[in-house]
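Observations on the three-dimensional arrangement
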Amino acid sequence: MYSRAYKTVVSAPPLLWVALFLLVPYALMFAHSLWLVQDGVLVRHWNLSNFQRLFANPLYTEVFLRTVRIAASVTLCSLLLGYPLAYYLSFHAGSRKDLLYQFVIVPLWVSYLVRGYAWKTILGSDGVLNGFLQYFHLTREPVGFFLYSPFAVILMLTHIYTPFVFLPIYASLEHIPRPLIEASQDLGANPRSTFFRVILPLSMPGLLAGATFAFVLSLGDFLGPLLVGGSSGTMIANIVQTLFGAVYDWPLGAAISVCILFITLSLLFLTERFEKRWSFK
Amino acid sequence: MSPKSPTRQSPLLAIYAGLVFAFIYLPIVVLILYSFNRDGVGGFPPRHFTLDWYSQLFADGSIWDSVLNSLLVAFGAVALSLVLGLLAALGLDRATFPGKALFRRLVLLPLILPGIITGLSLLMFAVFAGMQLSLLTVFLGHGTALISVATTEVFAGLQKIDRAQEEASLDLGATPWQTFWRITLPNLRLPLIAAGLLIFTLSMDEIAVTFFLIGRDNTLPLEIWSRLRRGMTPEINAVSTLIFAVSVALIIIWYRIRMRSMGSEAQQLLERP
């Protein structure tokens, strides 16, 4: 039905654009990780020394492990908050379902920076939370660890990613055919069994999608730590940022980025395989 | 036990859901509240209601310059992403070409990867190509990264179009170009508008990729960011509140468009013989 010319006109521009402005840049990142900086100048000498330095230096591994812990905590907390919310909306909210759904979506459209800034004003020593606690005589002095700590980063990122995690879980739950659940009840299963053996497995694709998204984006986040992390809440992406900034060691920064990229793509690949196993036909 | 819910209507769950909602909205409420507070962004409770921070905001020239810059970039990104996304969706739907599977994944990557990776890759590309960092590089970055938003929406929209209409048009002697303009495109109006709205919002808020591609002219998020480094004042609360208000307005419009598109879908289903 469509001529050769039509198909070419339609496919060529996006293909060429994406090749030039996505494929080439990502390839450059990869190439840089295999190059070197000597005496402040980029030397295009192919080698693996950047990766060796990464694994040998305890500073990098320490920050990296902290980053993984933070990302895992954010993912777990977002799931603990987002899943019950999605469940409530899907099964218990009845006619108010759509309206409540819109209310959950709204914060997603509000700038990341705005939400991060809000937490900054709440958690500081002179912030709203400390003011609140002192006003009600629950504490006498400002509590220091609320802000500029890994705790603050986890709190802020959980706040950002809970709606993100909610979305695919809600979609999955909505897709579960209700007759299936009735069948489970008819066969004598109590509510807990129905949940663990019917609903939860069927909502796995959504859960995995949301969890992967939250984990991967938290892993590579650098703004959160800059806003509320302080020096104890620094994450691996901040190190990349300084390597591309003041420190000027692009190859090393690129090497770390390649590692993050590798982890991300592996996780995406794994969840895709997992999804195929769990998906309901 | 009602047949619709698999578990008892547990009040605990309702309370928990309410708490989650409160958690999601708490920072925003605090933000808005304190934008009217005379005595600063912290402390409790807020006293002395004032609109001074808003008047200070409206007199603040560099913020409005950055808003203009953001709008320029956002409209540009919408145009670029919609055109390329539309073509890509048509290509994915109707053509086979080498690298199709790779293309589909590659174009999604900027949305799934942390922004720093895409931002730095584009930075390296700009340096490699000898480009100066400026609003142009930001525009190219946003436009490229957001192509898949348009592609996904338009592709979904294409699946809902009745092919018979296009075939009939061609049979009646219209050229493929005419068919595209008069049949295909009008049917894609709603997905295109919805995608455009989403791309606009994402571009206005974008900070991670923009961070590395920005030159001398700031976009709004980066202007706010540089202010934050200097100190926090309720003026930032005021601009944040305005951003929140505009975002809510946009999502209401987007929701309306989606409802209309679902309505027209239902209508088409009813009209089909």
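In this numbering scheme, every chain counts its residues from 1 along its sequence in written order. Chains and ligands are labelled by the order in which they are written, letters from A for the one and numbers from 1 for the other. Only residues with pLDDT of 70 or above have their local features reported here, since the model is predicted, and side-chain atom pairs are shown and tallied only from 80 upward, although totals for entire chains, interfaces and linings are computed over all residues. Note that the side-chain values use all heavy atoms of the structure and ignore hydrogens as well as water.

**Considering the overall build of chain B**
Each helix is a run of H or I in the DSSP string that is no shorter than four residues. Each strand is a run of E no shorter than two, and both are numbered from the N terminus. Helix and strand content of chain B: 13 helices and zero strands. Using C-alpha atoms as the atom set, the radius of gyration is obtained and then compared with a globule rule of 2.2 Å times the number of residues to the power 0.38. Relative to a compact globule of 273 residues, whose C-alpha radius of gyration would be 19 Å, chain B shows 23 Å and is clearly more extended. For chain B, the C-alpha atoms occupy an extent of roughly 70 × 70 × 30 Å along the three principal directions. Counting all 273 residues of chain B, 53% fall into the buried class. Whether two residues are in contact is decided by their heavy atoms: any pair within 4.5 Å suffices. Partitioning the contacts of chain B with sequence separation of at least 6, the portion at a separation of at least 24 is 72%. Carbon and sulfur atoms make up 67% of the accessible area of chain B, which amounts to about 13,300 Å² in all. Positive residues here are Lys and Arg, negative ones are Asp and Glu, while His and the chain termini are left out of the count. For the purpose of locating charges, the reference atoms are NZ of Lys, CZ of Arg, CG of Asp and CD of Glu. With 20 positive and 17 negative side-chain charges, chain B shows a spacing of 7 Å between the two charge centroids. Here the term buried applies to any residue with accessible area under 20% of the maximum for its type, exposed to any over 50%, and partly exposed to those in between, with areas from a 1.4 Å probe on protein chains only. Using the Shrake-Rupley algorithm and a 1.4 Å probe, accessible areas are obtained, with residue cover drawn only from the displayed protein chains.

**Notes on the overall build of chain A**
Secondary structure assignment for chain A yields 12 helices and two strands. Beginning at the N terminus, the succession of helices and strands in chain A can be written as α-β-β-α-α-α-α-α-α-α-α-α-α-α. Compactness check: chain A gives a C-alpha radius of gyration of 23 Å against a globular reference of 19 Å for 281 residues, more than 25% above the reference. Along the first, second and third principal axes, the C-alpha atoms of chain A reach 75 × 75 × 35 Å. For chain A, restricting intrachain contacts to residue pairs at least 6 apart in sequence, the fraction spanning at least 24 positions comes to 68%. For chain A, the accessible area works out to roughly 13,100 Å², and carbon and sulfur atoms hold 67% of it.

**Considering the environment of threonine 264 of chain A**
In this structure, threonine 264 of chain A sits in helix H12 (residues 250–278). On the basis of relative accessibility, which here comes to 1%, the residue threonine 264 of chain A falls in the buried class. A C-alpha to C-alpha distance of 42 Å links threonine 264 of chain A and leucine 187 of chain A, two positions 77 residues apart in sequence. Discounting residues that sit within four places of it in the chain, threonine 264 of chain A has contacts with Val216 of chain A together with Leu113 and Pro114 of chain B. For threonine 264 of chain A, the side chain forms a polar contact with the main-chain oxygen of isoleucine 260 of chain A, separated by 2.8 Å. Pairs of N or O atoms are called polar contacts if they sit within 3.5 Å, as long as, within protein, a hydrogen donor faces a hydrogen acceptor (for residues adjacent in sequence, only side-chain-to-side-chain pairs).

**Quick notes on a nonpolar patch on the surface**
Patch membership requires more than 30% relative accessible area and the absence of a salt bridge. Residues of like charge join within 9 Å; the nonpolar side chains Val, Leu, Ile, Met, Phe, Trp and Tyr join within 5 Å. When a carboxyl oxygen of Asp or Glu lies within 4 Å of a side-chain nitrogen of Lys or Arg, that pair is called a salt bridge. A cluster of nonpolar residues, Phe132, Tyr135, Phe136 and Leu138 of chain A, forms a patch on the protein surface that exposes about 400 Å² of accessible area. For tyrosine 135 of chain A, a relative accessible area of 41% translates into the label partly exposed.

**Looking at helix H9 (residues 176–187) of chain B**
Residues and elements named next belong to chain B. Helix span, as expected, comes to 1.5 Å for every residue beyond the first. Look at H9: 15 Å from first C-alpha to last across 12 residues, which is about the 16 Å you get at 1.5 Å a residue. Residues of H9 that are buried include every one of Thr179, Phe180, Thr184 and Leu185, and no others. Looking down the long axis of H9, one finds its buried residues gathered within 145° of arc, a one-sided arrangement. Here the buried face of H9 lies against helix H3 (61–94), helix H7 (147–160), helix H8 (163–171) and helix H10 (189–205). Each direction from the helix axis to a C-beta atom contributes to the arc, which is the arc of those directions.

**So, the packing of helix H1 (residues 4–32) of chain A against helix H5 (residues 115–128) of chain B**
A fitted line through C-alpha atoms serves as each axis, taken over the contacting stretch for helices, and the angle formed by two N-to-C directions is quoted from 0 to 180°. It is the contact of H1 of chain A with H5 of chain B, at a shortest axis distance of 8 Å, that shows an interaxial angle of 90°. Between H1 of chain A and H5 of chain B, the angle is such that the two are roughly perpendicular. Where H1 of chain A abuts H5 of chain B, its residues Leu20, Phe21, Val24, Pro25, Tyr26, Leu28, Met29 and His32 of chain A lie against Ile117, Thr118, Leu120, Ser121, Leu122, Met124, Phe125 and Phe128 of chain B. By definition in this entry, angles of less than 35 degrees are roughly parallel, angles greater than 145 are roughly antiparallel, angles of 65 to 115 are roughly perpendicular, and the rest are oblique.

**Thoughts on the side chain of serine 33 of chain A**
Position of serine 33 of chain A among the secondary structure elements: in the loop between H1 and strand E1 (36–38). The contacts of serine 33 of chain A, once residues within four sequence positions are left out, are Asn47, Asn50, Phe51, Pro251, Ala254, Ala255 and Val258 of chain A.

**Examining unusual backbone geometry**
Phi is positive for histidine 137 of chain A, which is not a glycine, with a value near 55°. If you trace the backbone, histidine 137 of chain A turns up in the loop between helix H6 (128–135) and helix H7 (150–175). Phi at histidine 48 of chain B is positive, roughly 50°, even though this residue is not glycine. Within the element layout of this structure, histidine 48 of chain B appears in the loop between helix H1 (11–34) and helix H2 (52–59).

**Overview of the confidence of the model for chain B**
All names here are of chain B. The pLDDT averaged across chain B works out to 87; a share of 96% of its residues lies at or above 70. pLDDT: the predictor's confidence for each residue, scored from 0 to 100. Confidence, expressed as mean pLDDT per element, reaches its minimum in chain B at helix H13 (residues 234–271) with 82 and its maximum at helix H6 (residues 135–145) with 95. Overall fold confidence for the complex sits at a pTM of 0.89, while the interface term, ipTM, reaches 0.88.

**A few points about the environment of valine 114 of chain A**
Along the chain, the position of valine 114 of chain A falls in helix H5 (residues 112–123). Once the C-alpha coordinates of valine 114 of chain A and leucine 48 of chain A are considered, the two residues, 66 residues apart in sequence, prove to be 40 Å apart. Residues contacting valine 114 of chain A, with those up to four places away along its chain left out, are Leu31, Ser240 and Ile243 of chain B.

**What about the packing of aromatic side chains?**
All names here are of chain A. Stacked, tilted and edge-to-face pairs are distinguished by plane angle, under 30 degrees for stacked and over 60 for edge-to-face with tilted covering the rest, among Phe, Tyr and Trp rings (Trp via its six-membered ring) whose centres lie within 6.5 Å. Evaluated as defined, the whole model comprises 34 aromatic pairs over all chains. Seen in terms of ring centroids, tyrosine 83 and phenylalanine 195 are 6.1 Å apart; in terms of plane orientation they differ by 85°. Their pairing is edge-to-face. Taken together, the residues span a long stretch of sequence, with tyrosine 83 in helix H3 (residues 58–92) and phenylalanine 195 in helix H9 (residues 191–219) at a distance of 112 residues. Neither residue differs from the other here; tyrosine 83 and phenylalanine 195 are each classed as buried. Between phenylalanine 145 and phenylalanine 151, the ring centres sit 5.7 Å apart and the planes meet at 65°, which makes this aromatic pair edge-to-face.

**Considerations on the pattern of salt bridges**
Residue and element names in this part refer to chain A. The full count for this structure, using the stated rule, is 12 salt bridges over all chains. Note that arginine 66 is salt-bridged to glutamate 62, the shortest N-O span being 3.5 Å. Here arginine 66 pairs with glutamate 62, and both are found in helix H3, just four residues apart, close to one helical turn. Taking the relative accessible area as the measure of exposure, arginine 66 reaches 14% and is therefore buried.

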